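These are the residues of each chain, in order.
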Amino acid sequence: MEAKKILVVEDNEDTREILLYRLKSMGNYEVLLASNGKEALQIATQTKPDLIIMDLKMPVMDGWEATKALRKTDWGKDLPVIALTAQAMERDEEKALGVGCNDYIAKPIMDYAILKKKVEKLLK
Ligand SMILES: [Mg+2]
């Protein structure tokens, strides 16, 4: 089976690298990386990922703006997006779902089994 493509969008380099490593150990995934929303839209346009994991607070273009823009495209309107929210920012989750994210997970991620479950559910 061909590897599913997951685009990780995160401005923090350490978090980005950890997610890359963790996702690769979770399954047959090709992991692509972007460090802000603008870059994410460019990469997604070219590579058409199967799922996006999107940090919300980023420079240049944040995750809310990027998801809103994605939802306006033909190929991205139904693309699964998991938002990375900051813990203790309850409004983040609400706002993420409001712009069309399918799910969210709070950072720092303590339990990668939960992320794995969410990823697998959305890739089905
Ligand atoms: Mg951030």
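Residues numbered from 1 in each chain as written. Predicted model: local features only at pLDDT ≥ 70, side-chain atom pairs only at ≥ 80, totals over all residues. Heavy atoms only, no water.

A. Representation of the pattern of salt bridges. Across all of its chains, the model carries 7 salt bridges by this definition. Of the charged contacts in the structure, one is a salt bridge between Lys68 and Glu65, with a shortest N-O distance of 3.4 Å. Highlighted residues: Lys68 and Glu65, both in helix 3 (residues 63-71), separated by 3 residues, approximately one helical turn. Owing to a relative accessible area of 37%, Lys68 belongs among the partly exposed residues under this scheme. Taking the relative accessible area as the measure of exposure, Glu65 reaches 40% and is therefore partly exposed. The salt bridge involving Glu94 is made with Arg91; its shortest N-O contact spans 2.5 Å. Placement of the pair is Glu94 and Arg91 together in helix 4 (residues 90-98), with a separation of 3 residues, close to one helical turn. Assessed through its relative accessible area of 51%, Arg91 is described here as exposed. Within the structure, one salt-bridge network assembled from shared partners comprises Glu10, Asp55 and Lys107. (Salt bridge = Lys/Arg side-chain N within 4 Å of Asp/Glu carboxyl O. Helix = DSSP H or I, 4+ residues; strand = E, 2+ residues; numbered from the N terminus. Buried < 20%, exposed > 50% of the residue type's maximum accessible area, 1.4 Å probe, protein only.)

B. Summary view of the packing of helix 1 (residues 13-26) against helix 5 (residues 112-123). In contact at an axis separation of 11 Å, helix 1 and helix 5 are set at 65° when each is read in the N-to-C sense. Between helix 1 and helix 5, the angle falls in the class roughly perpendicular. Crossing hand, helix 1 versus helix 5: right-handed. From helix 1, Ile18, Leu19, Arg22, Leu23 and Met26 reach across to helix 5, where they touch Tyr112, Leu115, Lys116, Val119 and Glu120. Classifying every residue of the contact of helix 1 with helix 5 gives 7 nonpolar, no polar and 3 charged. (Axes fitted to C-alpha atoms, helices over the stretch in contact; angles between N-to-C directions. Parallel < 35°, antiparallel > 145°, perpendicular 65-115°, else oblique. Left-handed = near helix turned anticlockwise from the far one by under 90°. Contact = heavy atoms within 4.5 Å. Nonpolar A, V, L, I, M, F, W, Y, C, P; charged D, E, K, R; others polar.)

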